[in-house]
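Secondary and tertiary structure notes
So the chains spell out like this:
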Amino acid sequence: MPTPAQIDEQVQLERDQIRQGLKRLRDNTDALQQKSYASATVYGIASIDMLLPILVKRIEATNHRIHQRKNGVAFKEIAQYISDLEPLAAAAIALKLTFDKVFSYKEGSNVLTNVCDAIGSAVEDECQMRHYERCAPGLLKVLKENYWHKSSGTKQRLTSIQTLMNRKDIQSWQAWGRSNRIKLGSWLLDCIIASSQFEGGTGWFTKDLRREGKRTVNYIIPTPEFLAIKDKVMADAELFAPLAWPMLIEPNDWSNERSGGYLLNEVMRGHDMVRRGNQCRIQGETPINFLNKIQKVAFTLNPFTVQVAEELERLGREVGKFLPVVQHELPPKPVDIAENREARKAYNRAATHVQDLQHQEHKKSCRTRMTMEAVKRFKDVAKFYIPWSFDYRGRAYPIPAFLTPQDTDFGKSLLIFADGSFMTPEAEDWLAFQVATTFGLDKAPMAERLEWAKSNHELFTLIAQDPIGNLHLWENVEEPWQFLAAAEEYYHCVVVADRQFTRLMVATDATCSGLQILAGLARDKSTARLVNVLPGDKPQDAYKVVAEAATPYCPESIQPYMDRKTVKRVVMTVPYNAKPFSNRGYIRDALAEKGVEISKEDLTKTVKAVRDAMDVVVPGPMAVMKWIEDEVATAIKAGKEYLEWTTPSGFVVHQKLNKKNLVRLQLQLLGVCQLTVATDDSDEVDLNHHKNATAPNLIHSLDASLLHLSVLRFDAPIALIHDSVLCRATDMSTLSSIVRQTYMHLFAEHDYLKDFASHIGAETDPPIVGDLEPESVIESTYFFC
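Residues numbered from 1 in each chain as written. Predicted model: local features only at pLDDT ≥ 70, side-chain atom pairs only at ≥ 80, totals over all residues. Heavy atoms only, no water.

**Re the packing of helix α4 (residues 87-102) against helix α5 (residues 112-135)**
Interaxial distance between α4 and α5 falls to 9 Å at its minimum, and their mutual angle equals 140°. As the angle between them shows, α4 and α5 are arranged oblique. For the pair α4 and α5, the crossing hand works out as right-handed. In this structure, α4 contributes Ala89, Ile93, Ala94, Leu97, Thr98 and Lys101 to the contact, and α5 contributes Asn114, Val115, Ala118, Ile119, Ala122, Val123, Glu126 and Arg130. Classifying every residue of the contact of α4 with α5 gives 9 nonpolar, 2 polar and 3 charged. (Axes fitted to C-alpha atoms, helices over the stretch in contact; angles between N-to-C directions. Helix = DSSP H or I, 4+ residues; strand = E, 2+ residues; numbered from the N terminus. Parallel < 35°, antiparallel > 145°, perpendicular 65-115°, else oblique. Left-handed = near helix turned anticlockwise from the far one by under 90°. Contact = heavy atoms within 4.5 Å. Nonpolar A, V, L, I, M, F, W, Y, C, P; charged D, E, K, R; others polar.)

The structure is reproduced here in structure tokens:
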């Protein structure tokens, strides 16, 4: 039980989370307004989302009047300019520029003529890019890929394309002129004002006439009505602004009647026990006990990896997912820059490139910077705890975004268990397993991994004693930061044995988790053997077997490159209902890494060969997936509005998937914008989404159930990453045994697929091969490895 002083300390921490969250929200809003990007603020996004469909209808009505020749004389002048742009594009551009200009801090930004000119200019820029796309689509694509930087603004992008198009003698663009741009912008602004007059209101924006010296200036300002909406949106956002950090004491227990996690209600807003689930459903005792148990696991920061990270941050050195801000120095100015035009142009180009790189540094380093902020706050904390919650399938996820087991390679390396355990000979093997696996030997037999570790004591010594000086020895391995942490632990616990207790998190993962679960459901012995459910002296390789089965049916030019790496992502994702279209991308990318280009026809044949091979190699899982898809389609067509099933651990999965009202808009300068034109799901059930999602969600719910039941039988610190388990080296043999026993009980005691069929009201019996005896999994070394 925490003491009153500890509770007070946690309450103060949570109040700090609230303050920091509010400050971050307000600072971000302020920064966006200073940069004239109010359209990207919380209130800007919400307001544009609300007004966009109404504005589109108004513009469509105007277009209809044009076709009927009922538009006024004033519009006749500018109609030609907007005719090349669909109403949705025009509306999106006009709203973005209006919010950017009206709420900008820049002096004169919201002057009426400036706002109208900005809207008209943005519309012209978009039309100009579309002109180039019509005239030279291939060239435009090449120029975008080679000359557009992520940090380039729309004006810079357009200027670079204009210059390069002119060099290629592409038909030039006839500029509209400022007068026409202002007329067009004025008309679109009037549409915005009129569209925002809900139920006879005054609209969101109005013109404000001001006397400035001897002249009169018109400004566009938000009305009190809109300012009230803006304040309400920001107030709602502030309710959910508190940051989520680890806790200094054990989180509150969850129950069906009471929220767990943080102590203060203000921090818990938006954090339900089941994310995106039906909060009215009563969950079983077992999954809730599981959730409360993993919340009581104490963690602390690994001082070794923290120290290395702090030094690399100071040096501005990237390693893997650790991306600090790297300073790019501007090139030296030529001595004759004032007189030499060519030298000046070359310098400006080089300086612009450096500035683009520097701008990108800030963006890509965001997660690393936020992680290091969290490190500074918790580096001197002896113990901290992580509040967890479920997704709607029963998988556990940490509520904090940083310093959790479900982080990047770098983030995971920062954590160790707060409570150590005394080293044993068996623990030495599991530490060897961890250091070899993170180095990149994750597919090697267990004996090979152990032998590799025992043969590389010198490597671990160099890294543990001088990680910065020997950076080249570890920065390019498979998982560099976790390897760094494992090498240091192995050095102290095994090589020099000056550390008697181990606290490192050792990770084991399911082998093809989807196929393991489907093999159990179908009781398919051949598939079970391929994915290490059955015992063997070395790990089986389902990817390699599928590749070998598919190769004879692939085009001859592709056959030499058909190996496990080429088919791996397809084999991994088909159990999660990946379709041929995504399979094409996986195989194309895998071949491209080998320098092989493949035609559309050959790609189609290769994808078909791999999927056909899976029907032969893993027949049970493929039949189960087909049956689930057919039965789900029948259930939804019969009128079901959602699907529900209860897992073996007692977790109730509520799958409600309705169609969303989304419009996809392609703008040349602003990129692909997906614009929501409804605030919620529609009332129409999404049949295809249910068909595609049910098999993957069933698998996820069962691997979650497997861990619910296993963790409650395990009495040592544990962490989870989806279907992967992490514990101390001294406890891994016990945990592995419990997971295998639980899998056996899950699929041996009864046919869960028949239970699932009953839950969803299936009309046909499920396809069960029936030749697998799940009891055999008890002896499988590589079930989790």
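Still to come is the rest of the account.
**Structural notes on the sheet that holds strand β3 (residues 274-275)**
Taken in spatial order, the 3 strands line up as β3-β6-β7 in an open sheet, and their pairing is mixed. The open sheet terminates on both sides in strands that have one partner only, identified here as β3 and β7 (396-398). Pairing geometry for β3 and strand β6 (residues 388-391), over 2 bridges, is parallel. Bridge assignment links Val274 to a residue of β6, and that residue is Phe390. (Pairing = 2+ DSSP bridges.)

**What to know about the pattern of salt bridges**
Taken as a whole and assessed by the stated rule, the structure comprises 36 salt bridges. Across the pair Asp731 and Arg728 runs a salt bridge, and its minimum N-O distance is 2.8 Å. As far as burial versus exposure is concerned, Asp731 and Arg728 are alike and both buried. (Salt bridge = Lys/Arg side-chain N within 4 Å of Asp/Glu carboxyl O. Buried < 20%, exposed > 50% of the residue type's maximum accessible area, 1.4 Å probe, protein only.)

**Considering the sheet that holds strand β16 (residues 719-721)**
What the 3 strands build is an open sheet, ordered β11-β17-β16; its pairing is antiparallel. Looking at which strands have only one partner, the edges of the open sheet turn out to be β11 (506-509) and β16. On average, each strand axis in the sheet is inclined to that of its neighbour by 25°, with strand direction left out of account. Inspection of the sheet shows β11 paired to strand β17 (residues 724-727) by 4 bridges, in the antiparallel sense. Residue pairing for β17: Val506 is matched across the bridge by Cys727. The strands touched by helix α28 (residues 732-748) within the sheet are β11 and β17, with β17 carrying the most contacts at an inclination of about 150°.

**A look at the nonpolar core**
Residues Phe460, Trp474, Trp481 and Phe483 are the most contacted members of the largest nonpolar core, which totals 203 residues. The element contributing the most residues to this core is α4, with 11 residues. Ignoring anything within four residues of it in the chain, the contact list for Phe460 reads Val435, Trp452, Ala453, Phe483, Ala487, Tyr490 and Tyr491. With 7 residues, the next largest nonpolar core counts Met129, Tyr132, Ala136 and Leu140 among its residues. (Core = buried A, V, L, I, M, F, W, Y, C linked by side-chain atoms within 4.5 Å.)

**Some points on the packing of aromatic side chains**
With the rule as written, the count across this model stands at 24 aromatic pairs. Ring geometry for Phe99 against Phe103: centres 5.8 Å apart, planes inclined by 25°, an arrangement best described as stacked. Grouping residues by exposure puts Phe99 and Phe103 together as buried. Three or more aromatic residues joined by ring pairs form one cluster here, namely Tyr43, Phe99, Phe103, Trp204, Phe205 and Phe226. Taking NZ or CZ as reference, Arg210 lies 4.0 Å from the ring centre of Tyr219, over its face. The ring of Tyr43 has Lys230 sitting right over it, with the charged end atom 4.8 Å from the ring centre. (Phe/Tyr/Trp six-rings, centres within 6.5 Å; stacked < 30°, edge-to-face > 60°. Lys NZ or Arg CZ within 6 Å of the ring centre and 35° of its normal.)

**A look at unusual backbone geometry**
Even without being a glycine, Leu403 presents a positive backbone phi close to 60°. Looking at the element boundaries, Leu403 is found in the loop between β7 and α15 (409-413). Given a relative accessible area of 1%, Leu403 falls into the buried group. Despite not being glycine, Arg523 shows a phi value in the positive range, around 50°.

**Some points on the environment of Lys637**
Tracing the sequence through the fold places Lys637 in helix α26 (residues 619-637). Taking C-alpha positions, Lys637 is 7.8 Å from Leu687, a pair spaced 50 residues apart along the chain.

**Here's the deal with helix α16 (residues 425-439)**
With 15 residues, α16 extends 22 Å from end C-alpha to end C-alpha; this agrees with the ideal 21 Å at 1.5 Å per step. For α16, every residue scored as buried is listed here: Ala427, Trp430, Leu431, Ala432, Phe433, Gln434, Val435, Ala436, Thr437 and Thr438. Looking at the packing, one finds that the buried side of α16 touches α17 (446-454), α18 (457-465), α19 (480-495), β10 (501-502), β11 and α28. (Expected span 1.5 Å × (residues − 1).)

**Considerations on the environment of Thr206**
Here Thr206 is to be found in strand β1 (residues 205-212). By relative accessible area, Thr206 is classed as partly exposed at 32%. As for Thr206 and Thr223, which are separated by 17 residues in sequence, their C-alpha atoms are 6.2 Å apart. With near-sequence residues (within four places) excluded, Thr206 lies in contact with Tyr219, Ile220, Ile221 and Thr223.

**Remarks on empty space enclosed by the protein**
The final tally for this structure, using the stated rule, is 4 cavities of 30 Å³ or more. Approximately 80 Å³ is the volume attributed to the largest cavity. Lys412, Ser413, Leu415, Gln434, Gln482, Ala485, Leu504, Met505 and Leu726 are the residues that line the largest cavity. Mapped by element, the contributors of at least two residues to the lining of the largest cavity are α15 and α19. In terms of residue class, the lining of the largest cavity is built from 5 nonpolar, 3 polar and 1 charged. (1 Å grid on protein atoms, 1.4 Å probe; cavity = no way out; pocket = protein on both sides within 12 Å on 5 of 7 lines; lining within 4 Å. Points joined across faces, edges and corners; volume = space filled by probe spheres on them.)

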